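Geometric and topological summary
Here is how the chains run, residue by residue.
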Amino acid sequence: MNKFLLSLIFGIVCKLTFGQYSLVKNPESFKTQFIAASAKTNSIASDFTQVKSLTALSERLSSKGKFYFQRSSKVRMEYTTPYPYLMVINGSKVMVKDGAKTNTLSAKSNKTFQRINQLMMDSMDGNIFSNTDFSIRVFEDADTYLTEMTPVTSQMKNLFNKVNVIMKKHSFVVQQVQMFEPSGDYTSINYTNQKINIALPDVLFTIK
C-alpha cells in the first residue's frame, strides 16, 4: 500500500509548537472523560482541509473535502479539491475511487492496512489507549488537548515517527490529526464545521 493512500486514511497546518503545551497533571482523569465523551458520539459530519509537506518539494500539497464517521467502523473521506477522490471504510472492507477507477479490498488481507484502519477507528471510538502499537502522552493548553502517539512496534515505526490528535477541551471533538513520517514528510488534516450525532444515510458507507 502506497504512502499516499496511508495519508488519506487519516483522516491529518503548520508544525505544532510544543512550547504552548504542557503535560496534563491527571492523565487518568483525561482518559476517563475522553472515553465517556467518545461513547456518546455516534456520528460526525465535517469539512476537512488536508495539507501535506513533502521533503522532496518546496511547496505544500493542499486538498479539501467532506468527512463522515458513523459508529461502528464506518468512515467516508470524500476529496473534492483539487480533484475528486473517495475512500469508504465499512468494517473490514475498503473502497477507493479515483476518477473512473474503483478498487475494493479487505483490510484483513494487509496487516499494515488493518493496523492503520484500527488506529483511525480507535481515535474516533475513544479506544486509542487500548492500542498496543503506540505509547501515548497527553498534553494541554488553554483550549485543547493533544494526544501524542509514538509507535512502539517495528511495523508502525516504519510508517510514523509519531501521530498527534488534537481535540477541543470539554467536548473532546477532534480538530486536527497530524502524521510525522520517518522520511520527514508531514501531513495535517484540520476538521471544521463539525456536526455531531446527526442522521447519516447508509448509502454514504455503501461498498459495492
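In short, a report on the structure. Throughout this document, residue positions are counted from 1 along each chain, in the order its sequence is written. Per-residue local features are limited, in this predicted model, to residues with pLDDT of at least 70; the limit for side-chain atom pairs, both in listing and counting, is 80 or more; totals at the level of whole chains, interfaces and linings are taken over all residues. Side-chain metrics rest on all non-hydrogen atoms present in the structure, leaving aside hydrogens and water.

Where helices and strands are cited, they refer to DSSP runs of H or I of at least four residues and of E of at least two residues respectively, numbered from the N terminus. Within the chain, the regular secondary structure consists of four helices and 12 strands. For the radius of gyration, the atoms used are the C-alpha atoms, and the globule rule reads 2.2 Å times the number of residues raised to 0.38. In terms of overall size, the chain behaves like a compact globule, its C-alpha atoms giving a radius of gyration of 16 Å where 208 residues would be expected to give roughly 17 Å. In terms of overall dimensions, the chain has C-alpha extents of about 50 × 40 × 30 Å along its principal axes. Expressed as a percentage of its 208 residues, the buried residues of the chain come to 48%. In this tally Asp and Glu are treated as negative and Lys and Arg as positive; neither His nor the chain ends contributes. Charged groups are reduced to one reference atom each: NZ for lysine, CZ for arginine, CG for aspartic acid, CD for glutamic acid. Mean positive and mean negative side-chain charge positions of the chain (25 and 15 charges, respectively) differ by 4 Å. For the exposure calls, accessible area comes from a 1.4 Å probe over protein chains only, and a residue counts as buried if that area is under 20% of its type's maximum, exposed if over 50%, partly exposed in between.

The subject of this paragraph is the side chain of Thr144. Structurally, Thr144 is set in strand β9 (residues 144-151). Look at Thr144 and you get buried, because its relative accessible area is 9%. Nitrogen and oxygen atoms within 3.5 Å of one another constitute a polar contact, given that in protein one can donate a hydrogen and the other can accept it, and given that sequence-neighbouring residues count only through two side-chain atoms. Here the side chain of Thr144 touches Tyr21 through a polar contact of 2.7 Å, side chain to side chain.

This part is about empty space enclosed by the protein. Using a probe with the size of a water molecule, rolled over the atoms, empty space left in the structure can be pinpointed. The calculated volume of the largest cavity comes to roughly 170 Å³. A pocket, in this scheme, is an open set of points on a 1 Å grid over the protein atoms alone with protein on both sides within 12 Å along at least 5 of 7 lines, while a cavity is a set where a 1.4 Å probe fits but cannot get out; residues line either one if an atom lies within 4 Å of a point. Considering the residues around the largest cavity, the lining is formed by 15 residues, among which Ile44, Met124, Phe172, Val173 and Val174 are closest to the centre. Counting residues per element, the ones that place at least two in the lining of the largest cavity are α2 (27-39), α3 (111-125) and β12 (186-196). Grid points are joined across faces, edges and corners, and a volume is the space filled by probe spheres set on the points.

What follows deals with the sheet that holds strand β3 (residues 60-70). Taken together, the 12 strands give an open sheet; going across it, the order is β1-β8-β9-β10-β11-β12-β2-β3-β4-β5-β6-β7, and neighbouring strands pair in antiparallel fashion. For this open sheet the edge positions go to β1 (22-23) and β7 (101-106), each flanked by a neighbour on one side alone. Sheet analysis places β1 next to strand β8 (residues 134-140), joined by two bridges and oriented antiparallel. Residue pairing in the sheet places Ser22 in a bridge with Glu140 of β8. A strand pair is defined by DSSP finding two or more bridges across the two strands.

Let us now look at the packing of aromatic side chains. Centre distance within 6.5 Å is the pairing criterion for rings of Phe, Tyr and Trp, where only the six-membered ring of Trp is used; planes under 30 degrees apart are then read as stacked, over 60 as edge-to-face, and the remainder as tilted. The final tally for this structure, using the stated rule, is 11 aromatic pairs. On the basis of an interplanar angle of 70° and a centroid distance of 6.1 Å, the ring pair of Phe30 and Phe129 is categorised as edge-to-face. On the criterion of sequence distance, the pair formed by Phe30 in helix α2 and Phe129 in the loop between α3 and β8 is long-range, its members being 99 residues apart. Judged by its relative accessible area of 2%, Phe30 is buried. Classification of Phe129 as partly exposed rests on a relative accessible area of 26%. By the ring-pair criterion, three or more aromatic residues cluster together here, those being Phe30, Phe34, Phe129, Tyr145 and Phe172. A ring has a charge above it when a Lys NZ or an Arg CZ is no more than 6 Å from the ring centre and no more than 35 degrees off the ring normal. One cation-aromatic arrangement involves Lys162 over Phe180; the distance from NZ or CZ to the ring centre is 5.1 Å. Against the face of Tyr145 rests Lys169, its NZ or CZ located 5.3 Å from the ring centre.

On to the nonpolar core, then. A general tendency of soluble globular proteins is for nonpolar side chains to be buried together. Of all hydrophobic cores here, the largest spans 38 residues; its most connected members are Phe67, Val75 and Met77. With nine residues, the next largest nonpolar core counts Tyr68, Leu86, Val88 and Phe205 among its residues. Definition of nonpolar core: a set of buried residues of the types Ala, Val, Leu, Ile, Met, Phe, Trp, Tyr and Cys, connected through side-chain atoms within 4.5 Å.

Turning to the pattern of salt bridges, a few remarks are in order. Basic side-chain nitrogens of Lys or Arg form a salt bridge, by our definition, when they fall within 4 Å of a carboxyl oxygen of Asp or Glu. One pass over the full model with this rule turns up six salt bridges. Glu181 is the partner of Lys52 in a salt bridge, and the nearest nitrogen-oxygen pair spans 3.0 Å. On the criterion of sequence distance, the pair formed by Lys52 in strand β2 (residues 43-53) and Glu181 in the loop between β11 (174-180) and β12 is long-range, its members being 129 residues apart. Across the pair, exposure class does not vary: Lys52 and Glu181 are buried alike. Glu140 is the partner of Lys169 in a salt bridge, and the nearest nitrogen-oxygen pair spans 2.9 Å.

Between its terminal C-alpha atoms α2 stretches 18 Å, which fits the 18 Å expected from 13 residues at 1.5 Å a residue. For α2, the complete set of buried residues consists of Phe30, Phe34, Ala37 and Ser38. When α2 is viewed along its axis, its buried side chains cluster within an angular range of 95° and face the same direction. What points out from α2, more than 90 degrees from its buried face, is the exposed set Glu28, Thr32 and Ala39. For a helix, the expected span equals 1.5 Å multiplied by the residue count minus one. The directions considered for the arc run from the helix axis to the C-beta atoms.

These values are about where atoms sit, not about what they do.
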